[in-house]
Amino acid sequence: MKQSVKLIAGNWKMNGLGASLDEVASLRRSLEEQPAACRVALCPPATLVERMAAAVKGSVIEVGGQDCRAETHGAFTGGVSAGMLKDAGATLVIVGHSERRQEFGESDRLVAAKAEAAVGAGLAPIVCVGETLEQREAGRAVEVVRDQVMNSLPRAVLAGDFAVAYEPVWAIGTGLTPTLDQIEEVHRAVRAAMIERLGLGSAAAPILYGGSVKPDNARDILAVPEVGGALVGGASLKASDFLPIIRAA
Ligand code: 13P
């Protein structure tokens, strides 16, 4: 991913039925009338990946999964592999989202294995990191995020397209955001850790900010040094919210 071109990715989480694709059609129309200055991606639930990929075919909008298994196939009831997402039309996949790290106990090691599986299937992984409120209040935000970057990024990502997303857990879905200085501090630390771990070959991969990105704060956040885009939850569900964020990039 070229650093100069920002990536604005929407994470629909467990939201969206077939009828929600109307929002995607509306977004597509707007971006055809006035092209985006950034890359645009939407990560719907697995049930919608194939239909969304069909709905955006021939447009600039990319489709991603929200998670994948580290294995390619096998007896993993309910599991979805990176290859299955690719086969359904995805080009990206989020791995290591804090909701999965917390709810399913996903470790850095597992997240790295998932990122490696994504690369193996030809998907660009978006590897998520971020501190809890308790860790921030203990003055450990930078240290925690640095450790996650060092341990969640396999060398395999260097083979293709990938991104890191910094999402402070306490900013997700809360309407709270770090100050612009705090965002810059962590993003610089993420970049330094990426280069330490993977070398200068990782310098062009964007570092997205995520956590309560809205139309009214997107422009300021996206102007922070080392912010290479945004991972947007709630405000990606409606084209009327997501579009102004894309226009801010
Ligand atoms: P919100 O934008 O709803 O805070 O969610 C952020 C997020 O978790 C994106 O992955």
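Just above, that's the structure.
Throughout this document, residue positions are counted from 1 along each chain, in the order its sequence is written. Selection of residues for local features in this predicted model requires a pLDDT of at least 70, selection of side-chain atom pairs for listing and counting requires 80 or more, and totals for whole chains, interfaces and linings are taken over all residues. Heavy atoms throughout the structure, all of them, feed into the side-chain values; hydrogens and water do not.

**Some words on the site of the ligand**
Point 1. Here a residue counts as near a molecule or strand whenever at least one of its heavy atoms sits within 4 Å of it. The immediate surroundings of the ligand are formed by 13 residues, with K13, H97, E167, G173 and S212 found nearest.
Point 2. A distance of 2.6 Å is found between an oxygen atom of the ligand and a backbone nitrogen or oxygen belonging to G173.
Point 3. Expressed as a share of its isolated accessible area of 310 Å², the protein-covered part of the ligand is 96%.
Point 4. Polar here means any residue other than Ala, Val, Leu, Ile, Met, Phe, Trp, Tyr, Cys and Pro, which are nonpolar, and Asp, Glu, Lys and Arg, which are charged; Gly is therefore polar. Here the shell around the ligand is composed, by residue class, of 4 nonpolar, 7 polar and 2 charged. In protein, a polar contact requires one atom able to donate a hydrogen and another able to accept it; more generally it is a pair of N or O atoms within 3.5 Å, and residues adjacent in sequence count only if both atoms are side-chain atoms. Each accessible area is a Shrake-Rupley estimate made with a 1.4 Å probe; only the visible protein chains count as cover when residues are assessed.

**Comments concerning the pairing of strand β4 (residues 92-95)**
Point 1. Here β4 shows a buried face lined by L92 and I94 and a second buried face lined by V93 and V95.
Point 2. Tracing the backbone out of strand β3 (residues 61-65), into helix α3 (residues 82-87) and back to the parallel element β4 gives a crossover that is right-handed.
Point 3. As paired strands, β4 and strand β5 (residues 124-129) are joined by 4 bridges and run parallel to one another. Within the sheet, the bridge partner assigned to L92 lies in β5 and is A124. A simple rule labels every residue: compare its accessible area, found with a 1.4 Å probe on the protein chains alone, to the largest value its type can have, and call it buried under 20%, exposed over 50%, or partly exposed in between. Counting from the N terminus, the helices are DSSP H or I runs at least four residues long and the strands are E runs at least two residues long. Here a crossover is taken to be right-handed if, once the strands point away from the viewer, the path from the first strand over the helix to the second is traced clockwise. Two strands pair under a simple rule: DSSP has to find at least two bridges between them.

**Considering the packing of aromatic side chains**
Point 1. Two aromatic rings, drawn from Phe, Tyr or Trp (for Trp, its six-membered ring), form a pair once their centres lie within 6.5 Å of each other, and the interplanar angle then sorts them: stacked below 30 degrees, edge-to-face above 60, tilted otherwise. Counting across every chain of the model gives 1 aromatic pair.
Point 2. Here Y166 and Y209 contribute two aromatic rings whose centre-to-centre distance is 6.2 Å and whose plane-to-plane angle is 65 degrees, an arrangement assigned as edge-to-face. Of this pair, Y166 sits in strand β6 (residues 163-166) while Y209 sits in strand β7 (residues 207-210), and the two are 43 residues apart along the sequence.
Point 3. Judged by relative accessible area, which is 0%, Y166 ranks as buried.
Point 4. In this arrangement the basic side chain of R100 is found over the ring face of F104, its NZ or CZ atom lying 4.2 Å from the centre. Definition used: whenever NZ (Lys) or CZ (Arg) falls within 6 Å of the ring centre and also within 35 degrees of the ring normal, the charge is taken to sit over that ring.

**Points about unusual backbone geometry**
Point 1. One non-glycine residue, K13, lies in the positive phi region at around 50 degrees.
Point 2. Within the secondary structure, K13 sits in the loop between β1 (7-11) and α1 (21-33).
Point 3. Its identity is not glycine, yet S212 carries a phi of approximately 60 degrees, on the positive side.
Point 4. Relative to the helices and strands, S212 resides in the loop between β7 and α9 (218-222).

By themselves, these observations are geometric and do not establish any function.
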